[in-house]
Amino acid sequence: MAKTLTDLFHDQLQDAYSAETQLTKALPKMAKAAGSAELRAGFEQHLTETKNQLARLEKVCQQVGCKTGSNTCEAMEGLIEEGEEVMGLGLDTDAQDAGLIAAAQKVEHYEIALYGTLCSFAKQLGHQEAARILHETLDEEKKTDEKLTQLAERGVNSKARA
Ligand SMILES: [Fe+2]
């Protein structure tokens, strides 16, 4: 039997679960590498949010009958690898912070696309409560992206440097 939108929805949920799990491991490293105290605090805050996003995904998966843990999100693996490359370039503090922001924004843009899709699939499949929960995360990712843009546009403020 051909697979359906429900199968695709579950596949994408599992991808998101893998992506967020990977991020909970990457964000502490990014926080440690940040030169600006403000950027570090931003990464730490997003780590807390990410853990909460994982809990939301578990709830959604339970609601729609999807198992977690069977997919590895390769896109997130690649994005995190790029962030690690930035940390290995031997950049000065300001340049490294700019690179970390760029890497983090690529991650957020990927997640915005992913959660946008998940919201739309949930609605199409009649999972209104799941759609609402997924939308909370979508909004959080958008806010994080905006905050990163503000930090990048301000440039690395030497006063904010720890
Ligand atoms: Fe996230």
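For the structure given in this document, a descriptive report is provided here. Every value quoted in this text rests on a predicted model; they were computed, and no experiment measured them. (Residues numbered from 1 in each chain as written. Predicted model: local features only at pLDDT ≥ 70, side-chain atom pairs only at ≥ 80, totals over all residues. Heavy atoms only, no water.)

As a further point, take the coordination of the iron ion. Bound to the iron ion on the protein side are Glu 20 (OE), Glu 20 (OE), Gln 53 (OE1), Glu 111 (OE) and Glu 141 (OE), at distances that span 2.0 to 2.5 Å. Read in sequence order, the donor residues coordinating the iron ion give the pattern E-x32-Q-x57-E-x29-E. Taken together, the residues span a long stretch of sequence, with Glu 111 in helix H4 (residues 93–124) and Glu 141 in helix H5 (residues 128–154) at a distance of 30 residues. Accessibility expressed as a relative area gives 0% for Glu 141, which makes it buried. (Donors = N, O, S within 2.8 Å, 3.2 Å for Na, K, Ca; no water. Helix = DSSP H or I, 4+ residues; strand = E, 2+ residues; numbered from the N terminus. Buried < 20%, exposed > 50% of the residue type's maximum accessible area, 1.4 Å probe, protein only.)

Of all hydrophobic cores here, the largest spans 22 residues; its most connected members are Phe 9, Leu 13, Leu 57, Tyr 115, Leu 118 and Leu 134. Elements supplying a minimum of two residues to this core: helix H1 (5–33), helix H2 (37–64), H4 and H5. If we skip the residues at most four places from it in the chain, Leu 134 touches Phe 9, Leu 13, Leu 57, Val 60, Tyr 115, Leu 118, Cys 119 and Ala 122. In this structure, Ala 26, Leu 47, Leu 79 and Leu 151 belong to the second largest nonpolar core, which totals 21 residues. (Core = buried A, V, L, I, M, F, W, Y, C linked by side-chain atoms within 4.5 Å. Contact = heavy atoms within 4.5 Å.)

A few words on the packing of helix H3 (residues 74–87) against H4. Relative orientation of the contacting elements H3 and H4 amounts to 175°, with a least axis distance of 9 Å. When the axes of H3 and H4 are compared, the pair comes out roughly antiparallel. Contact with H3, carried on its side by Ala 75, Met 76, Leu 79, Glu 82, Gly 83, Val 86 and Met 87, involves Gln 96, Gly 99, Leu 100, Ala 103, Lys 106, Val 107, Tyr 110 and Glu 111 of H4 and no other residues of that element. Residue classes in the contact of H3 with H4 are distributed as nine nonpolar, three polar and three charged. (Axes fitted to C-alpha atoms, helices over the stretch in contact; angles between N-to-C directions. Parallel < 35°, antiparallel > 145°, perpendicular 65-115°, else oblique. Nonpolar A, V, L, I, M, F, W, Y, C, P; charged D, E, K, R; others polar.)

With 27 residues, H5 ought to run about 39 Å at 1.5 Å a step, and its terminal C-alpha atoms sit 39 Å apart, in line with that. Inspection of H5 places Ala 130, Ala 131, Ile 133, Leu 134, Thr 137, Leu 138, Glu 140, Glu 141, Thr 144, Asp 145, Leu 148 and Leu 151 among the buried residues, and these make up the whole buried set. Contacts made by the buried residues of H5 are with H1, H2 and H4. Phi for Gly 155, located one or two positions after H5, is positive at around 80°. (Expected span 1.5 Å × (residues − 1).)

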